[in-house]
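# Close look at the chain arrangement
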Amino acid sequence: MLKAEILLAALANGLLTGAVYALIALGLTLVYGVLHIINFAHGATLTAAMFAVYVAHQTFGIDPYLAIPLLAPLFFGLGYSLQRWVIGPASHGDDGNILLVTLGLSIVIENALLAVFRSDTRSIEVPYGFEVVELGPLILSLPKVIAFAGAFAVAGLLWLVIARSDIGKAIRAVAKEKTGAALCGIPVGHVYAVTFGIGAACLAVAACLLMPTFLVNPRIGNAFVLVAFTIVVLGGMGSIGGALAGGLIIGVVESLSGLYLGESLGQIGIFLIFLVVLLFRPTGLFGARA
Amino acid sequence: MLEVEALTAGYGGIPVLRDVSLTIDSGEIVAVLGANGVGKTTLNRALSGLIRPDGGAIRFEGTRIERLAPPEIVRMGLIHVPEGRKIFPTMSVRENLELGGYARARTRRAANLDRVFALFPRLGERRRQLAGTLSGGEQQMLAIGRGLMAEPRLLILDEPSLGLSPRLVEDLFALVVRIAAEGLAIMLVEQNVVQSLEIAGRAYVLENGRVALAGPAAALRADPALERAYLGM
Ligand SMILES: Nc1ncnc2c1ncn2[C@@H]1O[C@H](COP(=O)(O)OP(=O)(O)O)[C@@H](O)[C@H]1O
Ligand SMILES: [Mg+2]
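Described below are features of the structure shown in this document. (Residues numbered from 1 in each chain as written. Chains lettered and ligands numbered in written order. Predicted model: local features only at pLDDT ≥ 70, side-chain atom pairs only at ≥ 80, totals over all residues. Heavy atoms only, no water.)

### Concerning the pairing of strand 2 (residues 132-135) of chain A
Residue and element names in this part refer to chain A. To keep things clear, this is the line we draw: Strands are treated as partners if at least two bridges between them are detected by DSSP. Strands are runs of DSSP state E lasting at least two residues, helices are runs of H or I lasting at least four, and both sets are numbered from the N terminus onward.
With four bridges connecting them, strand 2 and strand 3 (residues 138-141) associate as antiparallel partners. What sits directly across from Glu134, in strand 3, is Ile139. Adjacent in sequence and paired antiparallel, strand 2 and strand 3 are bridged by two residues, among which Gly136 carries a positive phi angle near 60°.

### Some words on helix 6 (residues 136-148) of chain B
All names here are of chain B. Applicable threshold: A helix is expected to span 1.5 Å multiplied by its residue count minus one. Relative accessibility decides the category of a residue: with a 1.4 Å probe and only protein chains considered, values under 20% of the type maximum give buried, values over 50% give exposed, and everything between is partly exposed.
For helix 6, which comprises 13 residues, the first-to-last C-alpha distance of 18 Å matches the rise-based estimate of 18 Å (1.5 Å per residue) to within 8%. Of all 13 residues in helix 6, 12 are buried, a share of seventy percent or more. Every buried residue of helix 6 is accounted for by Gly137, Glu138, Gln139, Gln140, Met141, Leu142, Ala143, Ile144, Gly145, Arg146, Gly147 and Leu148.

### Topic: the sheet that holds strand 9 (residues 202-207) of chain B
For sheets, the rule is that strands pair by backbone hydrogen bonds, running either parallel or antiparallel. Residue and element names in this part refer to chain B. Inclusion rule: The axes are straight lines fitted to the C-alpha atoms, using for helices just the contacting stretch, and the angles between their N-to-C directions are given from 0 to 180°. In what follows, residue pairs with any heavy atoms lying within 4.5 Å of each other are defined as contacts.
Read from one edge of the open sheet, six strands run 6-7-8-3-9-10, paired in mixed fashion. Of all the strands in the sheet, the pair left with one neighbour each is strand 6 (78-81) and strand 10 (210-216). Geometrically, the sheet is characterised by an average inter-axis angle of 15° between neighbouring strands, direction not taken into account. Along the sheet face, helix 6 touches strand 6 and strand 7 (154-158) and points at about 165° away from the line of strand 6.

### Thoughts on the packing of helix 2 (residues 42-60) of chain A against helix 8 (residues 188-210) of chain A
All names here are of chain A. This is how the line gets drawn: Any angle that is under 35 degrees is reported as roughly parallel, and any over 145 degrees as roughly antiparallel; angles of 65 to 115 degrees are reported as roughly perpendicular and all others as oblique. Crossing handedness is defined as follows: a turn of the near helix away from the far one that is anticlockwise and smaller than a right angle gives a left-handed crossing, while the clockwise case is right-handed. In this count, Pro and Cys sit with the nonpolar residues alongside Ala, Val, Leu, Ile, Met, Phe, Trp and Tyr, while Asp, Glu, Lys and Arg are called charged and the others, Gly among them, polar.
Put simply, helix 2 and helix 8 touch, their axes get as near as 8 Å, and they point 50° apart. The angle between the axes of helix 2 and helix 8 places the two elements in the oblique class. For the pair helix 2 and helix 8, the crossing hand works out as right-handed. Contact residues: His42, Thr45, Leu46, Ala49, Met50 and Val53 in helix 2; Gly199, Ala200, Leu203, Ala204, Ala206, Ala207, Cys208 and Leu210 in helix 8. A class-by-class count of the residues in the contact of helix 2 with helix 8 yields 11 nonpolar, three polar and no charged.

By themselves, these figures tell us nothing about what the structure is for.
If you want it as structure tokens, here you go:
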């Protein structure tokens, strides 16, 4: 048996990382819940956002956290425009086409990043990068604690928007009953694009929260996407609360399996969960619908 | 108010409606009758912009609308309450109604809600209940109430009597008459011929995607051709 403190530390670190995973999964699950498609460009968009944070810092000297109010609206606009004027028109309303278009888009984004930044791995240095927070017996990385709080703040804000605002209600209406929504005068194409924009904005925030402790290269998004898919499946496709809970669970599983099986095997635990959930509970732990 | 001229519409280039012409004036209740599958719902979809017609013209208050998208048509006051209700089952009655007023100024929402609750007191009592838990009759009232929230000038009701008991249909149709008395036009799309002709002023009968019969409701009631149009299917 390992010492209790080590176990506790692994647990805490798992929760901290898991919250950011949840944030990455939020956009994926939201887009799935409303458009009923899987956005294969999700990982590439995250990579692009991380490079945006990198460039903002290296070229303009903007701190990653201060970049949030810049990059979140920028990526909202990008996501909105992509869905409204590229993915939507190119897919002619056919879900199979949307899938292929997002897949194609991810290849374009990845290659564009490769062309500009080559395959080097880069990171940024921030003055608080190694600061810690002491919490009883735990010593936690400050940027990770900030990322945890930030991810929860975004999830809470998103929940509020979806539950209370007019556009949030329109999003839920389109998700459940597209025709009924159109006949209420809700512009379905606009709602789809807003949903995509929200997903991309969540990724931008995640990128800002990740970069103080993470590295970036043109393929980094892929590493997160399997994790995000697992969370979406675990939490029940389309469920915001499910994504949050799923993210925390996956973070802890990864951390604990890393502890017991070694760093390089950490992700195997995640993949096993992915398979087991798909086999035995395809609607997810929290998914109600069959 | 509504003029449909030589309308051809269908799915994937295959016409369902051929050369359909009809008119509705303000304040009228006009029944559009026809057996299952003749193209009644297709007509409604073309009117509300859910499908693009393949030919012909649709004028609403003098404006051509056959190329407009649903939100624009809703804003003009042509409201389609669809077959099967298509309410939002996981949202409350109140949220459903609020979404009905999505295209209208927020400032008028409260007044419109009051108006709908006055017309359908049951919806008022159940405003917090999830729409999916309502009975069939209540769901139909909700669908109509949601349509009224959009401040219609022409309200299209697609088979509102579907799945309701004859007594409920009677209550519902009495309400339709009351709504029409407020000054808006109603296009009542039905298979329920007898009860529809009781409240409609005029009617069109569709057969095989064409208008087979048209005229005042009283005349159609006595017309043996009406029965033939149905039994012929
Ligand atoms: N979405 C659709 N795609 C293809 N064909 C359809 C579609 N909806 C209806 N149809 C066909 O159009 C014809 C008329 O249908 P519809 O307008 O629903 O008739 P009604 O409302 O009078 O029962 C039917 O033959 C039906 O099979
Ligand atoms: Mg029909």
